[in-house]
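Chains, contacts and geometry: an overview
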Amino acid sequence: GENVEQHPSTLSVQEGDSAVIKCTYSDSASNYFPWYKQELGKRPQLIIDIRSNVGEKKDQRIAVTLNKTAKHFSLHITETQPEDSAVYFCAASYNQGGKLIFGQGTELSVKP
Amino acid sequence: KAGVTQTPRYLIKTRGQQVTLSCSPISGHRSVSWYQQTPGQGLQFLFEYFSETQRNKGNFPGRFSGRQFSNSRSEMNVSTLELGDSALYLCASRSGSYFGPGTRLTVT
C-alpha cells in the first residue's frame, strides 16, 4: 500500500549548521511532494514542494531534491537558526496534493 | 483573505456519542481534505472533497463520514465515538496548501 518513510525521527544541530531530512515513498504514481513545518501547538505550514518533473527546487535557505528512480526525496536546510526548530513532515501524493500520505515527522532542534 | 477556519476548536465527548466538525476553506478554494493527527499514528488522510464530491477516502471505518456544501464548506462526522478517536482533526484547502488550526477532540 501507500507508505512514506521519514528519517531521522529526531535531529539536533548547532545554529549555522545544515540539516537534512530524508523520505522514501512506495507509490510510483506519486507526482507531488510537499514539506511541512509544524511548530508546537500550531497548524502544519507548507514550506516547499516539488513535482515529479523537477529534480531540485530551492527557496532561500531551503532546498528539496527528488530522485524518482530511487523514490527518495530530501529536505535541506542551510544556515539553521533557532526558529527553524519544529517538527517537519514530508508527504507524497498521486493527485497533486488532494490525498497526502505523510511521513512520521522529524523533530528538528537547533541549538544556539 | 481569511485563512482556513475550523469550528469548534476544542471538543470533549463521551464514548458512544457522535460529533460533527466544520471546516471553511479559503474563499475561492474548492477542495477540502481532512486529516487525523495523533502522536502514535501521525497525520492520516480521511477524505478529500472537490465541488461537493468525495474524490478520495482514507482507510478509516464507516463511522467517519463527511460532506461538502455548495459554498465549499465541509463537515465531517464521527458516530459512535471510541476512545481512540481522540485526536487533532485538521482540514486543508487547495490540495494541502493551507491547513486550518484543527479541532482537538477528546473522547472520555
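As shown above, the structure is provided for reference.
Below you will find a few notes about this structure. Fair warning: this is a prediction, and the values are worked out from it, not measured in the lab.

Moving on, we get to the overall build of chain A. When its secondary structure is counted, chain A shows zero helices and eleven strands. In sequence order, chain A lays out its α and β elements as β-β-β-β-β-β-β-β-β-β-β. Computed over the C-alpha atoms, the radius of gyration of chain A is 13 Å, within 12% of the 13 Å expected from 2.2 N^0.38 for a compact globule of 112 residues. The principal-axis extents of the C-alpha atoms in chain A amount to approximately 40 × 25 × 20 Å. Relative to its full complement of 112 residues, chain A shows a buried share of 46%. Contacts spanning at least 24 positions in sequence make up 54% of the contacts within chain A whose residues lie at least 6 apart. Surface summary for chain A: the accessible area is close to 5600 Å², and the carbon and sulfur share equals 46%. Separation of charge centres in chain A, based on 12 positive and 13 negative side chains, amounts to 5 Å.

Right, let's talk about the pairing of strand β4 (residues 31–38) of chain B for a bit. Residues and elements named next belong to chain B. Counting buried residues along β4, eight of its eight residues qualify, which places the element largely inside the surrounding structure. Side chains Ser-31, Ser-33, Tyr-35 and Gln-37 project from β4 onto one buried face, and the interleaved Val-32, Trp-34, Gln-36 and Thr-38 project onto a second face that is buried too. Strand direction decides the pairing type here: β4 and strand β5 (residues 42–50), joined by eight bridges, are antiparallel. In the sheet register, Ser-33 faces β5, and the bridge partner there is Glu-48. Hairpin connection, β4 to β5: the antiparallel pair is bridged by three residues. Taken together, the six bridges between β4 and strand β9 (residues 87–93) define a ladder with antiparallel strand orientation. Residue pairing across strands places Gln-36 opposite Tyr-89, the latter belonging to β9.

To continue, consider the sheet that holds strand β3 (residues 19–24) of chain B. Residue and element names in this part refer to chain B. In spatial order, the strands read β1-β3-β8-β7; together these four strands make up an open sheet with antiparallel pairing. Every other strand in the sheet has two partners, leaving β1 (5–7) and β7 (64–68) as the edge strands with one partner each. Taking the axes of each pair of neighbouring strands and ignoring which way they run, one obtains an average angle of 20 degrees across the sheet. One ladder, built from five bridges, connects β7 with strand β8 (residues 74–78); its direction is antiparallel. If you follow Phe-64 over to β8, its bridge partner there is Val-78.

Opposite the 19 residues of chain B that make contact, chain A presents 16 residues. Both sides of the chain B and chain A interface together cover about 1400 Å² of buried area, and 49% of this is carbon and sulfur. Three residues stand out in chain B for area buried against chain A, namely Leu43(B), Ser95(B) and Phe99(B), and they jointly supply 36% of the buried area on that side. Across the contact surface, chain B and chain A share zero salt bridges. Our count for the chain B to chain A interface comes out at six residue pairs in polar contact (both at pLDDT 80 or more). Of all elements in the fold, only β4, β5 and β6 (53–57) of chain B reach the threshold of two or more residues within the side of chain B that touches chain A. Here the side of chain B that touches chain A is built from residues that sort into seven nonpolar, ten polar and two charged.

Thresholds, definitions, all that
- Residues numbered from 1 in each chain as written.
- Chains lettered and ligands numbered in written order.
- Predicted model: local features only at pLDDT ≥ 70, side-chain atom pairs only at ≥ 80, totals over all residues.
- Heavy atoms only, no water.
- Helix = DSSP H or I, 4+ residues; strand = E, 2+ residues; numbered from the N terminus.
- Rg over C-alpha atoms; globule rule 2.2 N^0.38 Å.
- Buried < 20%, exposed > 50% of the residue type's maximum accessible area, 1.4 Å probe, protein only.
- Contact = heavy atoms within 4.5 Å.
- Areas by Shrake-Rupley, 256 points an atom, 1.4 Å probe, with all protein chains shown as cover.
- Lys, Arg positive; Asp, Glu negative; His and termini not counted.
- Charge placed at Lys NZ, Arg CZ, Asp CG, Glu CD.
- Pairing = 2+ DSSP bridges.
- Axes fitted to C-alpha atoms, helices over the stretch in contact; angles between N-to-C directions.
- Buried area = accessible area lost by both parts, 1.4 Å probe.
- Salt bridge = Lys/Arg side-chain N within 4 Å of Asp/Glu carboxyl O.
- Polar contact = N/O pair within 3.5 Å; in protein donor to acceptor, adjacent residues only side chain to side chain.
- Nonpolar A, V, L, I, M, F, W, Y, C, P; charged D, E, K, R; others polar.

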